[in-house]
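# Structural description and commentary
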Amino acid sequence: MERVIAYSVLCKDKPGDEAAKIRDQLMPNHLAHIEKTVDSLWLAGPLFDADKVVGSLLIFKADSAEQALEMAKQDPYYEAGIWASMEARRFVGAAGDWVGGKTW
């Protein structure tokens, strides 16, 4: 199996109730955006601290960290300003169900 190379974008929400409130309000728009761009994603989902959503993890089929960040900036959550930070890193899928076991 060939290794999957992608770019992860870790998006951390701003602290406090306001970001959570906006996140809830924009959920339908965010999900519609994910559906529209699903072919450019390997994986997307919320990050939790106990039962509270504290951010998002997006793993894009992209050629660079910069491209992945630009793709993430199209999300309604970014446009609404709920993410306090975004960090992009190259990700190599080396083992696990996603890559069919192991790649070595």
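Structural data are supplied above this passage.
The structure displayed is predicted, hence computed values, not measured ones.

## A short note on the pattern of salt bridges
Scanning all chains against the criterion turns up three salt bridges. Between Asp 13 and Arg 23 there is a salt bridge, with the nearest N and O atoms lying 2.9 Å from each other. A residue pair is termed long-range when its members are at least 10 positions apart, and Asp 13 in strand 1 (residues 4–13) and Arg 23 in helix 1 (residues 17–37) qualify at ten residues. Close ionic contact of Arg 89 with Glu 87 constitutes a salt bridge, the shortest N to O distance being 3.3 Å.

## Brief notes about a nonpolar patch on the surface
On the surface, Trp 42, Leu 43, Phe 91 and Trp 98 cluster together to form a nonpolar patch covering roughly 370 Å² of accessible area. With respect to the secondary-structure elements, Phe 91 resides in strand 4 (residues 83–93). Given a relative accessible area of 30%, Phe 91 falls into the partly exposed group.

## Let's talk about the environment of Pro 46
Tracing the chain through its elements places Pro 46 in strand 2 (residues 41–49). C-alpha of Pro 46 to C-alpha of Ala 32: the two residues are 14 residues apart in sequence and 15 Å apart in space. If we skip the residues at most four places from it in the chain, Pro 46 touches Val 53, Gly 55 and Ser 56.

## Regarding the pairing of strand 2
Taken together, the eight bridges between strand 2 and strand 3 (residues 52–60) define a ladder with antiparallel strand orientation. Pairing of Pro 46 across the sheet is with Ser 56, part of strand 3. Hairpin connection, strand 2 to strand 3: the antiparallel pair is bridged by two residues, and Ala 50 has positive phi, about 60°.

## A few points about unusual backbone geometry
Despite not being glycine, Ala 50 has its phi angle at roughly 60°, a positive value. Mapped onto the secondary structure, Ala 50 falls in the loop between strand 2 and strand 3. For Ala 50, a relative accessible area of 68% gives the class exposed.

## Some details on the sheet that holds strand 4
The strand order 2-3-1-4 describes an open sheet built from four strands, whose pairing is antiparallel. Strands with a single pairing partner mark the edges of an open sheet, and in this sheet they are strand 2 and strand 4. Taking each pair of neighbouring strands and ignoring which way they run, the sheet shows an average axis angle of 20°. One ladder, built from six bridges, connects strand 1 with strand 3; its direction is antiparallel.

## Considering the packing of aromatic side chains
Counted by the stated rule, this structure contains one aromatic pair. Seen from their ring centres, Tyr 77 and Trp 83 are 6.2 Å apart, and the 80° between their planes marks the pair as edge-to-face. Given the relative accessible area of 8%, Trp 83 is considered buried. Stacked on the ring of Trp 42, the Lys or Arg Lys 61 has its end atom at 4.8 Å from the ring centre.

Thresholds, definitions, all that
Position numbers for residues start from 1 in each chain and track the written sequence from start to end. For this predicted model, a pLDDT threshold of at least 70 governs which residues receive local features, and a threshold of 80 or more governs which side-chain atom pairs are given and counted, while totals over whole chains, interfaces and linings are taken from all residues. As a convention, hydrogens and water are excluded, and side-chain values are obtained from all of the structure's heavy atoms. For this document, the term salt bridge refers to a Lys or Arg side-chain nitrogen within 4 Å of an Asp or Glu carboxyl oxygen. Each helix corresponds to a stretch of at least 4 residues labelled H or I by DSSP, and each strand to a stretch of at least 2 residues labelled E; elements are numbered beginning at the N terminus. Like-charged residues are merged into a patch within 9 Å and nonpolar side chains (Val, Leu, Ile, Met, Phe, Trp, Tyr) within 5 Å, provided each residue has over 30% relative accessible area and no salt bridge. Every accessible area reported is derived by Shrake-Rupley at a probe size of 1.4 Å, with residue values counting cover from the shown protein chains alone. Exposure is judged per residue with a 1.4 Å probe applied to protein chains only, and the accessible area is read against the type maximum: over 50% gives exposed, under 20% gives buried, and values in between give partly exposed. Residue contacts are defined here by distance: any two heavy atoms, one from each residue, within 4.5 Å place the two residues in contact. The pairing criterion for strands is at least two bridges between them, as found by DSSP. Simply put, an axis is a line fit to the C-alpha atoms, just over the touching stretch for a helix, and the angle between two N-to-C directions goes from 0 to 180 degrees. The rule is short: rings of Phe, Tyr and Trp, with Trp giving its six-membered ring, pair when the centres are within 6.5 Å, and they are stacked under 30 degrees, edge-to-face over 60, tilted in between. We call a charge positioned above a ring when the Lys NZ or Arg CZ atom is no farther than 6 Å from the ring centre and deviates by at most 35 degrees from the ring normal.

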